[in-house]
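Here's the letter readout for the chains.
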Amino acid sequence: MTVLKTIRGAFGLRRPLVRIGAVLSALVLAACEPVEMGASGPQTGQAIDPSQPVPVALLVPGGTGSADLDWLARSLTNSAKMAAADARGATIDLRIYNAGSEPGTAVAQANKAVAEGAKIILGPLFADSANAVGNAMAPQGINVLSFSNNTDIAGGNVFVLGNTFDNVADRLVKYGVRNGKRRILMVAEDDAAGQVGARAIERAIQRNRATLVGTAVHPLSKQGIDGIVPNVAQAALSGNVDAVFLTANQGAVLPYLTDKLADAGVTSASVQMMGLTRWDQPSARLQLRGVQGGWFAIPDTTMKAQFDQRYRAAYGETPHELGSLAYDGVSAIAALVRAGKRNALTTSGLTQNAGFAGVSGAFRLRRDGTNERALAVATVRGGQVVVLDPAPRSFGGFGF
């Protein structure tokens, strides 16, 4: 593997404020050691009587004074209530707790919830808080369905509901291999989220028997990006590269990086570009010349649009992009309870192979605490999103 030169420079790209809806990297935080688990995963969780109300604790990031986090807390709460109301044939006793953004607060609220009878924890949001809650709940045999997308904290009694970098990377690399794009050059930021994304891309390349032909790592600065562009362009246009896979995880990176690469002749017209993040959000990105023809992954937009419409009609505002994770968590529990499963809240129940129908498409939880989510492959043509390969509607089908 060739490692392209990294040139470090002073910061010229401003780090964006943490806007959870804009970038999922807000959830990718450094975590403590996760709960240990074996290869096939332990059996954890509480048995229930499915004919009785099931106490579910929802930990939301309310009470911080942040308008964004308060909006997300409302969206998670309202979405969970919608799922509980939709749970025909199952009764979900939903209890909401403001867990803030700090691990100590989240643990205190989780302990309070269990003391008040909760049999499972849904949330919290941030990876370090979810990890701390998982460790606190493990001795009590309580499973935690966190809203994080950080697979580093997954395992034992902690599951992540957020769409992971591994899901996106695997979907795009698999689609690329099917379409002759086997030799991949990776470009990643040198921050924590960029490196988590880079490891996900490396795993996807190995899993799908593609080839990582080179890696370029850059700091979050204009000077740092400028420093790698000549080497990236030379490699990308050498004839030995089929695709360039960008983590481009920080909001300011994608416009600057793709523009500079386009100046150097690197666009999807010359070599296939791929992105680990949504190249259609915010919508202004659709006009960037460097993203035209590039591949990225999106959820089942039809189902999400239906959910958003229902939510707006019920609550008079647009839901936060991550709010639907609470609907997915509650609806998964409700589906298992409705089926009469006493083990609905245990590892074996939660990780049923068939998975669940989520707001953004089919998903399932794995025994190692990670998840699989059905995603579509999309591109940008003339400033419009075009779906190249639809999201599968179930597992075992085309695309998995």
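Nothing here was measured: the structure is a model prediction, and the numbers come from that model.

This paragraph deals with the overall build of the protein chain. From N to C terminus, the protein chain includes 10 helices and 16 strands. Across the 400 residues in the protein chain, those meeting the buried criterion constitute 57%. Once local pairs closer than 6 in sequence are excluded, the contacts in the protein chain between residues at least 24 apart make up 72%. Surface accessibility of the protein chain: about 15,600 Å² in total, with carbon and sulfur atoms responsible for 50%.

Its volume calculated, the second largest pocket comes out at about 380 Å³. D166, N167, D170, R366 and E372 are, among the 20 residues lining the second largest pocket, the residues nearest its centre. Its residues assigned to classes, the lining of the second largest pocket shows three nonpolar, seven polar and 10 charged.

Take helix α6 (residues 222-236) next. If you check α6, its first and last C-alpha atoms are 20 Å apart, about what 15 residues at 1.5 Å a residue would give, namely 21 Å. Taking the largest bend as the criterion, α6 deviates by roughly 35 degrees, centred on V229, and proline P230 comes between one and four positions later. Within α6, the full set of buried residues consists of G224, I225, G227, I228, V229, V232, A233, A235 and A236. Packed against the buried residues of α6 are β7 (183-189), β8 (211-218), β9 (243-246) and α7 (253-263).

Our focus in this paragraph is the sheet that holds strand β6 (residues 158-160). One open sheet accounts for five strands, arranged β3-β2-β4-β5-β6; its pairing is parallel. Two strands bound the open sheet, and with one partner strand each, they are β3 (92-98) and β6. When the angles between neighbouring strand axes are averaged without regard to direction, this sheet yields 20 degrees. Sheet analysis places strand β2 (residues 54-60) next to β3, joined by seven bridges and oriented parallel. Paired with L59 across the strands is Y97, a residue of β3. Along the sheet, helix α1 (residues 67-86) contacts β2 and β3; its crossing angle with β2, the most-contacted strand, is approximately 160 degrees. Sheet contacts for helix α3 (residues 127-137): β2, β4 (120-122), β5 (144-146) and β6; angle to β5, the most-contacted strand, approximately 175 degrees.

This part covers helix α4 (residues 165-178). For α4, built from 14 residues, the straight-helix expectation of 20 Å at 1.5 Å per residue is met to within 8% by its first-to-last C-alpha distance of 20 Å. Most of α4 sits inside the fold, with 12 of its 14 residues counted as buried. Those residues of α4 lying buried are F165, D166, N167, V168, A169, D170, R171, L172, V173, Y175, G176 and V177. Count one or two residues on from α4 and you reach G180, which has phi positive near 80 degrees.

Turning our attention to the pairing of β8. Successive side chains on a regular strand alternate, one facing one side of the sheet and the next facing the other. For β8, a buried count of six out of eight residues is recorded, marking the element as mostly surrounded by other parts of the structure. Across seven bridges, β7 lies against β8 in parallel orientation. Among the inter-strand pairings, L185 is bridged to a residue of β8, identified as G214.

When two helices pack together, their arrangement is captured by the angle between the axes and the distance separating the axes. Two elements in contact, α6 and α7, have axes whose closest approach is 10 Å; the angle formed by their N-to-C orientations is 35 degrees. The interaxial crossing formed by α6 with α7 has right-handed handedness. Between α6 and α7, the contacting residues are K222, I225, D226, V229 and V232 on the first element and V253, Y256, L257, K260 and L261 on the second. Here the contact of α6 with α7 is composed, by residue class, of seven nonpolar, no polar and three charged.

With that settled, the discussion passes to the nonpolar core. Counting residues in hydrophobic clusters, the biggest one holds 43 residues, and the most contacted among them are I92, L145 and F147. Secondary-structure elements contributing two or more residues to this core are β2, α1, β3, β4, α8 (301-315), α9 (324-338) and β13 (361-365). By residue number, the principal contributor to this core is α9, which donates nine residues. Residues L220, Y256, L257 and L286 belong to the second largest nonpolar core, which totals 35 residues.

Before going further, it helps to spend a moment on the environment of K119. On the secondary structure map, K119 appears in the loop between α2 (103-115) and β4. We classify K119 as partly exposed; its relative accessible area is 31%. Residues K119 and G141, spaced 22 residues apart in sequence, show a C-alpha to C-alpha distance of 8.9 Å. Excluding residues within four positions of it along the chain, K119 makes contact with Q46, P55, I142 and L345.

With the rule as written, the count across this model stands at 18 salt bridges. One salt bridge connects R178 with D389, and the closest N-O pair in it is separated by 3.0 Å. Taken together, the residues R178 in helix α4 and D389 in strand β16 (residues 384-389) connect sequence positions 211 residues apart. The residue R393 makes a salt bridge to D300 at a minimum N-O spacing of 2.8 Å. Pair noted here: R393 is in the segment after β16 and D300 is in the loop between β11 (296-298) and α8, with a separation of 93 residues, a long-range link.

Viewed as axis vectors pointing N to C, α1 and α9 meet at an angle of 30 degrees, and their least axial separation amounts to 7 Å. Taken together, the axes of α1 and α9 lie roughly parallel to each other. In terms of crossing hand, the pair formed by α1 and α9 is right-handed. Contacts from L76, S79, A80, M82, A83, A84 and D86 of α1 reach α9 at S324, A326, Y327, V330 and S331. In terms of residue class, the contact of α1 with α9 is built from eight nonpolar, three polar and one charged.

About the criteria used
- The written sequence of each chain sets the order in which its residues are numbered from 1.
- Only residues with pLDDT of at least 70 are given local features in this predicted model, and only at 80 or more are side-chain atom pairs given and counted; all residues enter the totals for whole chains, interfaces and linings.
- To obtain the side-chain values, all non-hydrogen atoms of the structure were included, while hydrogens and water were left out.
- Numbering of helices and strands runs from the N terminus, with a helix taken as a DSSP run of H or I at least four residues long and a strand as a DSSP run of E at least two residues long.
- Buried means the residue's accessible area, taken with a 1.4 Å probe over protein chains only, is under 20% of the maximum for its type, while exposed means over 50%, and partly exposed covers the values in between.
- Whether two residues are in contact is decided by their heavy atoms, any of which lying within 4.5 Å being enough.
- Residue burial considers only the protein chains on display, and all accessible areas are found by Shrake-Rupley using a 1.4 Å probe.
- Residues are called lining when one of their atoms sits within 4 Å of a cavity or pocket point, these points coming from a 1 Å grid over the protein atoms alone, where a cavity is a set in which a 1.4 Å probe fits but cannot get out and a pocket is an open set with protein on both sides within 12 Å along at least five of seven lines.
- Grid points are joined across faces, edges and corners, and a volume is the space filled by probe spheres set on the points.
- Classification used: nonpolar for Ala, Val, Leu, Ile, Met, Phe, Trp, Tyr, Cys and Pro, charged for Asp, Glu, Lys and Arg, polar for all others including Gly.
- In this analysis, the expected span of each helix is defined as 1.5 Å times one less than the number of residues it contains.
- Bend at a given residue is defined as the angle between two axes, one fitted to the seven residues that end at that position and one fitted to the seven that begin there.
- Between any two strands, at least two bridges found by DSSP are needed for them to pair.
- Helix axes are fitted only over the stretch in contact, all axes being lines through C-alpha atoms; the angle between N-to-C directions runs from 0 to 180 degrees.
- It is the rotation of the near helix from the far one that decides the hand of a crossing: anticlockwise by less than a right angle makes it left-handed, clockwise makes it right-handed.
- Within this scheme, the nonpolar core is defined by two criteria: the residues are buried Ala, Val, Leu, Ile, Met, Phe, Trp, Tyr or Cys, and they are joined through side-chain atoms within 4.5 Å.
- By definition, a salt bridge exists where a carboxyl oxygen of Asp or Glu is found within 4 Å of a side-chain nitrogen of Lys or Arg.
- In this scheme, roughly parallel covers angles under 35 degrees and roughly antiparallel covers those over 145, while 65 to 115 is roughly perpendicular and the rest are oblique.

Fair warning: the whole summary comes from geometry, so function is off the table for now.
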